Amino acid sequence: HGFLTVNGEKMSKSRGTFIKAGTYAKYLDPEYLRYYYASKLTDNVEDLDLRMDDFISKANSDLVGKFANLASRSGPMLANKLDSQLGRLDEQGKSLIAKLAAAKDQIVADYENLRFSAVVRTITALADEANRYVEQNQPWVMVKTDLEATRTTLTAVINAVRILTIYLKPILPRFAEKVERFLNVDKLSFADAGDVLEDHKINVFERLFERVDQEQVNAMMQESKETQSPP
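These notes cover the structure that comes with them. These numbers come from a predicted model, not from an experiment.

## Re unusual backbone geometry
Part 1: Residue D83 is not a glycine yet carries a positive backbone phi of 55 degrees.
Part 2: Relative to the helices and strands, D83 is located in the loop between α3 (52-81) and α4 (91-101).
Part 3: We classify D83 as exposed; its relative accessible area is 54%.
Part 4: Backbone geometry places Q138, a non-glycine residue, at a positive phi of 45 degrees.
Part 5: Here Q138 shows up in the loop between α6 (116-137) and α7 (139-142).
Part 6: For Q138, a relative accessible area of 36% gives the class partly exposed.

See below:
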């Protein structure tokens, strides 16, 4: 790729847009930045702009709202109501998981050909499919009247989390480690994308991502500006 700019401008010490890695790490998870870069990088030589409003939006809408949300909506409910025990997939669940698994070859090809933004677009579209499945089945309502049907629905959601984690692992290795612990599985790889978890006990859910707020970014930018020596 080409040069990295910040908020559309060249990196500048005087403007506080020359951000040291150590300063960034004081305020924000490095995986947010890995994801943001991946969402922008293509196989062409192009400049990359770290636009802070877009950075915050992607972190919160994708990492928190799409990926972590799937796990947080299913894991605690399984633990609290269903003894952390997965059941088996029904036909609707099998259809969802088959659709996610079918994307593997294209995702692998895009990774290998440095089309990282295409990888991210595909994975977020799959996450949208999985979140629609949750909205359609409403396990938070179902759990009040039919525990076993809820278990079936959440088994599909957990399997969707697993496949999405496999696809995201090259970009978000720490996220993947947390999910592996939560799902009580060995280290995941692309070879596992076609498998399913059924009749399996998961571990206690741990938070995967925190929302990024504007104050964190402002503080990072301000410290970057204050700690830079004059040019």
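And the narrative resumes.
## Looking at the side chain of E180
Part 1: In this structure, E180 sits in helix α9 (residues 173-183).
Part 2: The contacts of E180, once residues within four sequence positions are left out, are K169, V185, D186, K187 and L188.

## Structural notes on the environment of D29
Part 1: Its location among the elements puts D29 in the loop between α1 (21-27) and α2 (30-40).
Part 2: Along the sequence, D29 and E135 sit 106 residues apart, while their C-alpha atoms lie 29 Å from each other.
Part 3: Not counting chain neighbours up to four residues away, the residues in contact with D29 comprise Y24, R174 and F209.
Part 4: Among the polar contacts made by the side chain of D29, one reaches the main-chain amide nitrogen of E31 at a distance of 2.8 Å.

## Structural notes on the pattern of salt bridges
Any two side chains of opposite charge can pair, on the condition that their charged atoms come close.
Part 1: Going through the model one piece at a time under the given rule, you end up with 16 salt bridges.
Part 2: The partner of K26 in a salt bridge is E223, and the shortest N-O contact between them spans 2.8 Å. Taken as a pair, K26 in helix α1 and E223 in helix α10 (residues 214-227) lie far apart in primary sequence, 197 residues in all.
Part 3: A salt bridge links K66 to D128; the shortest N-O distance between them is 2.6 Å. Placement of K66 in helix α3 and of D128 in helix α6 is noted, with a sequence separation of 62 residues between them.

Quick notes on the rules
Residues numbered from 1 in each chain as written. Predicted model: local features only at pLDDT ≥ 70, side-chain atom pairs only at ≥ 80, totals over all residues. Heavy atoms only, no water. Helix = DSSP H or I, 4+ residues; strand = E, 2+ residues; numbered from the N terminus. Buried < 20%, exposed > 50% of the residue type's maximum accessible area, 1.4 Å probe, protein only. Contact = heavy atoms within 4.5 Å. Polar contact = N/O pair within 3.5 Å; in protein donor to acceptor, adjacent residues only side chain to side chain. Salt bridge = Lys/Arg side-chain N within 4 Å of Asp/Glu carboxyl O.

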